[in-house]
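# Structure assessment
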Amino acid sequence: DQGERVQRLDANGEPITEGVTAHMHEGMASLLLGWNLVRTRVWDGIRGVDYLASRPEIDPDRLAVTGHSGGGTLTCFLFALDPRLKAAAPCCWGGQDRTLWDAGGDVVDGEQYLFGQLARGFIYPDFMLTRPGAPVILMTATQDIFPIVPNWARFRELKRAYTAQGFSERVDIVEDDVRHSYSQKHREAMVEWMLRWLTGEDRMVSEPPIKILAEDELFATPDGHVTHLPRARTIWDLFRDESARLADSRGTPRGDELRRRIREVTGIDDKITALNVKQMALVDSHVHGYNRRELTLLPSDSPVPVQCTLLTPTTASREPPVLFASGEPIDSLVENPLPRLASLLAAGRTIGPLVGGAVLAA
């Protein structure tokens, strides 16, 4: 859902949704099918490597992978799962910490998380440990939307593991004092890394002036949309096919049987799971006549902490908190409250906790 890969277009050929919003829609749809969106994304990337390796001008024994942001996440997945890739350079990717948090929707961005991944303490640098001694450089940004400190903690873990294996020189880190971007310093460091480990040439690289091509000059498709290619099928076509297959196999349970199946699949029972509220990195701020409190919830049955937001009017009523569900990011809700949310706050009602624009618990 970025570049030429947008999956939903309107009658005029314009994207209905794209980017992170589309990732979230597809991620939630795939969950309802028992799928994980990561598998579709990874297979897509592996097929891209297949094509690259087939090109006559490419040496298939000297392939590597790099990417920025979501491309950095995909870099980690592909490097772990495709041994044809000899070196990796992920840049400014998410999931650096073992905490669920909201950064532009990543908490529910289904293309970035495997089932049970965080509960098992498995985060993206750990994917590199599946390729012992394979060269990898972590490229980070001081002012990134993702916290910089966890990047260094993960680098230390990798460095320690690589050192124990006798390959300490094969893992490195670059931090550029920039925002969320694939900066020139990142690009130069990446090329130096690839030259060293793919060609044996160890030298400094200075990027020359580059002419930025127009978007349509970069198209791999005639009009910039893969969905317009002959026989093209979108991920929603795959979802519909799987949904129909599942409907045929499960029948139409009703009543108690339907409730039993839902509870079995979701893991919901008759007991309410207690939440231990551990106030890690607690932040209070006053906005628009009410207080915004950042909390960290630690569920009693899970090792994964969850960051959330509680909105409390300056003069709060004695009524219980309101669970307010919305698809809007938290920052948008706080800065520009929806009419219903604004009226509740004006009446003195506490809202939340909110997680990623949705409600976790009261």
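Residues numbered from 1 in each chain as written. Predicted model: local features only at pLDDT ≥ 70, side-chain atom pairs only at ≥ 80, totals over all residues. Heavy atoms only, no water.

### Considering the overall build of the protein
Operational definition: Here a strand is any run of E in DSSP of at least two residues, a helix any run of H or I of at least four, and the numbering for each starts at the N terminus. Buried, partly exposed and exposed residues are distinguished by accessible area as a fraction of the type maximum, computed with a 1.4 Å probe on protein chains only: under 20%, between the cut-offs, and over 50%, respectively. Only the protein chains shown count as cover for residues, and the accessible areas themselves come from Shrake-Rupley with a 1.4 Å probe.
Counting its regular elements, the protein contains ten helices and ten strands. In the protein, which comprises 362 residues, the share counted as buried stands at 40%. Carbon and sulfur atoms provide 55% of the accessible area of the protein, an area that totals close to 20400 Å².

### Quick word on helix α6 (residues 184–199)
The line we're drawing: The length a helix should cover is 1.5 Å for every residue beyond the first. Here, two residues are considered to be in contact whenever any of their heavy atoms come within 4.5 Å of each other.
Taking 1.5 Å as the rise per residue, α6 with 16 residues should run 22 Å; its terminal C-alpha atoms sit 22 Å apart, in good agreement. Along α6, the positions that sit buried rather than exposed are His186, Glu188, Ala189, Met190, Trp193, Met194, Leu195 and Leu198. Tucked into the core, α6 has its buried residues touching β1 (63–68), β2 (85–91), β3 (136–141) and β4 (171–176). Once α6 ends, the next one or two residues include glycine 200, with phi positive near 80°.

### Observations regarding the packing of helix α1 (residues 19–32) against helix α7 (residues 235–250)
What counts, and what does not: The axes are straight lines fitted to the C-alpha atoms, using for helices just the contacting stretch, and the angles between their N-to-C directions are given from 0 to 180°. Should an angle fall under 35 degrees it is taken as roughly parallel, and over 145 as roughly antiparallel, whereas 65 to 115 is taken as roughly perpendicular and any remaining angle as oblique. Left-handed is the label given to a crossing in which the near helix is rotated counterclockwise from the far helix by less than a right angle, and right-handed is the label when the rotation is clockwise. Amino acids are sorted into nonpolar (Ala, Val, Leu, Ile, Met, Phe, Trp, Tyr, Cys and Pro), charged (Asp, Glu, Lys and Arg) and polar (every other residue, Gly among them).
Viewed as axis vectors pointing N to C, α1 and α7 meet at an angle of 15°, and their least axial separation amounts to 11 Å. When the axis of α1 is compared with that of α7, the two are roughly parallel. Here the hand of the crossing between α1 and α7 comes out left-handed. In this structure, α1 uses His25, Glu26, Ala29 and Ser30 to contact α7, whose residues at the interface are Ile235, Trp236 and Phe239. Grouping the amino acids of the contact of α1 with α7 by side-chain chemistry returns four nonpolar, two polar and one charged.

### Observations concerning the confidence of the model for the protein
Test applied: pLDDT is a per-residue confidence score from the predictor, ranging from 0 to 100.
When pLDDT is averaged along the protein, the result is 83; 81% of the residues meet or exceed 70. Confidence scores differ between elements of the protein, with strand β10 (residues 358–359) showing the lowest mean pLDDT of 42 and α6 the highest of 98. In this model, residues 101–107 is a region of pLDDT below 50 whose contacts with residues beyond four sequence positions or in other chains number 19 contacts.

### Concerning helix α8 (residues 255–266)
Taking 1.5 Å of rise per residue, the twelve residues of α8 would be expected to cover 16 Å, and the 17 Å separating its terminal C-alpha atoms lies within 8% of that figure. Note on α8: the residue one or two positions beyond its end, glycine 267, has a positive phi of about 80°.

### Focus on the packing of aromatic side chains
What characterises a pair of aromatic rings is the spacing of the ring centres plus the angle enclosed by the ring planes. As a reminder, the rule being used: Between 30 and 60 degrees the pair is tilted, below 30 it is stacked and above 60 it is edge-to-face, where a pair is any two Phe, Tyr or Trp rings, Trp via its six-membered ring, whose centres lie within 6.5 Å. Charge-over-ring placement is defined geometrically: NZ (Lys) or CZ (Arg) within 6 Å of the ring centre, and within 35 degrees of the ring normal.
With the rule as written, the count across this model stands at five aromatic pairs. By the ring-pair criterion, three or more aromatic residues cluster together here, those being Trp35, Trp236 and Phe239. The ring of tryptophan 35 carries arginine 39 above its face, with NZ or CZ at 4.5 Å from the centroid.

### Looking at the side chain of glutamate 242
Residue position: glutamate 242 is located in helix α7. Exposure remark for glutamate 242: the relative accessible area of 12% places this residue in the buried category. In this structure, glutamate 242 is in contact with Leu33 and Trp35, ignoring residues within four places of it in sequence.

### Things to note about the side chain of glutamate 188
Using the following cut-off: Working convention for charge: Lys and Arg count positive, Asp and Glu count negative, and His plus the chain ends are omitted. Throughout this description, the term salt bridge denotes a Lys or Arg side-chain nitrogen within 4 Å of a carboxyl oxygen of Asp or Glu.
Within the element layout of this structure, glutamate 188 appears in helix α6. Although glutamate 188 is buried, it forms no salt bridge, and the closest oppositely charged side chain is arginine 187 at an N-O distance of 7.2 Å.

### A few points about the pairing of β4
Selection criterion: Strands are treated as partners if at least two bridges between them are detected by DSSP. Orienting the strands away from the viewer, one traces the path from the first strand over the helix to the second; a clockwise path indicates a right-handed crossover.
Direction of pairing for β3 relative to β4: parallel, over a ladder of six bridges. When the bridges of β4 are listed, leucine 138 appears paired with isoleucine 173. Remark: the β3/helix α5 (residues 148–165)/β4 crossover connection has right-handed handedness.

### A short note on the nonpolar core
Quick note on the threshold: We call a set of buried residues a nonpolar core when its members are Ala, Val, Leu, Ile, Met, Phe, Trp, Tyr or Cys and they connect through side-chain atoms within 4.5 Å of each other.
With 25 residues, the main nonpolar core has Leu78, Phe79, Leu85, Met128, Val136 and Leu138 as its most contacted residues. Going through the elements one at a time, α2 (37–54), β1, α3 (70–81), β2, α4 (124–128), β3, α5 and β4 are the ones with two or more residues in this core. When residues in this core are grouped by element, the largest group, six residues, is from α3. Not counting residues up to four positions away in its chain, the partners in contact with leucine 85 are Val49, Leu63, Ala64, Val65, Leu78, Phe79 and Arg131. Ala89, Cys91, Val174 and Met190 belong to the second-largest nonpolar core, a separate cluster that totals 14 residues.

### Remarks on the environment of isoleucine 145
Turning to its location among the elements, isoleucine 145 is positioned in the loop between β3 and α5. Through-space distance from the C-alpha of isoleucine 145 to that of histidine 180 is 6.3 Å; in sequence the pair is 35 residues apart.

### As for the pattern of salt bridges
Per the counting criterion, the structure on display carries 19 salt bridges. A salt bridge links arginine 47 to aspartate 50; the shortest N-O distance between them is 2.6 Å. Placement of both arginine 47 and aspartate 50 in helix α2 is noted, with a separation of three residues, approximately one turn of the helix. Between arginine 240 and aspartate 237 there is a salt bridge, with the nearest N and O atoms lying 2.5 Å from each other.

### Description of the packing of α2 against α3
One can describe the packing of α2 onto α3 by two numbers: an axis separation of 10 Å at closest approach and a directional angle of 75°. For the element pair α2 / α3, the angle class is roughly perpendicular. Here α2 contributes Val38, Arg41, Val42, Gly45 and Ile46 to the contact with α3, which in turn contributes Gly70, Gly71, Thr73, Leu74, Phe77, Leu78 and Leu81. For the contact of α2 with α3, the per-class residue count stands at seven nonpolar, four polar and one charged.

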